[in-house]
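Listed below, chain by chain, are the residues.
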Amino acid sequence: MVEYLGYLAAALVLLQTSMRQMLALRVFALASNLVFITYGYLGDLEPVMFLHLMLLPLNTWQIWALVRPEHAETPMAANLPSAPALPACPQPDLRTVKARRRGPQRMRRTM
């Protein structure tokens, strides 16, 4: 019985990697986390159980971030805090910048 849970969880991970939409990927990841937690508990596989106990809130948070109402209305960049505006600075004259890079001009010898 426990082995079948492991196979089911592995199949869910396999399906998860074939998803093209992020929401479907996260839902399958959440389902595989639940099955792996059960598998780890019943099979006395503590590392598997603890790993998926840590991944479960992460996938839940990501699903919530995908389905919350403001996510659908605004692009992702609009949710980021904007940087304060910089004061207006005069643009340097490119001729003087290039001249400074060259250094002092040497006098040519003409004969």
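Structure's up top.
Conventions and cut-offs
Residues numbered from 1 in each chain as written. Predicted model: local features only at pLDDT ≥ 70, side-chain atom pairs only at ≥ 80, totals over all residues. Heavy atoms only, no water. Axes fitted to C-alpha atoms, helices over the stretch in contact; angles between N-to-C directions. Helix = DSSP H or I, 4+ residues; strand = E, 2+ residues; numbered from the N terminus. Parallel < 35°, antiparallel > 145°, perpendicular 65-115°, else oblique. Left-handed = near helix turned anticlockwise from the far one by under 90°. Contact = heavy atoms within 4.5 Å. Nonpolar A, V, L, I, M, F, W, Y, C, P; charged D, E, K, R; others polar. Phe/Tyr/Trp six-rings, centres within 6.5 Å; stacked < 30°, edge-to-face > 60°. Buried < 20%, exposed > 50% of the residue type's maximum accessible area, 1.4 Å probe, protein only.

Between helix α1 (residues 2-17) and helix α2 (residues 22-42), the shortest axis-to-axis distance is 9 Å and the interhelical angle comes to 160°. Judged on the interaxial angle alone, α2 and α1 are roughly antiparallel. The two elements α1 and α2 meet at a crossing, and its hand is left-handed. Contact residues: α1 offers Val 2, Glu 3, Leu 5, Gly 6, Leu 8, Ala 9, Ala 10, Leu 12, Val 13, Leu 15 and Gln 16, while α2 offers Leu 25, Phe 28, Ala 29, Ala 31, Ser 32, Val 35, Phe 36, Thr 38, Tyr 39 and Leu 42. Here the residues of the contact of α1 with α2 sort into 16 nonpolar, four polar and one charged.

Applying the stated criterion to the full structure yields two aromatic pairs. Ring centres 6.4 Å apart and planes at 65° place the aromatic pair Phe 36 and Tyr 39 in the edge-to-face group. In this pair, Phe 36 and Tyr 39 both sit in helix α2, three residues apart, roughly one turn of the helix. Of the two residues, Phe 36 and Tyr 39, both sit in the buried class. For the ring pair Trp 61 and Trp 64, a centre distance of 5.1 Å and an interplane angle of 40° mean the geometry is tilted. Remark: Trp 64 and Trp 61 occur in helix α3 (residues 46-67); sequence separation between them is three residues, near one turn of the helix. Overall, Trp 61 belongs to the exposed group, its relative accessible area being 53%.

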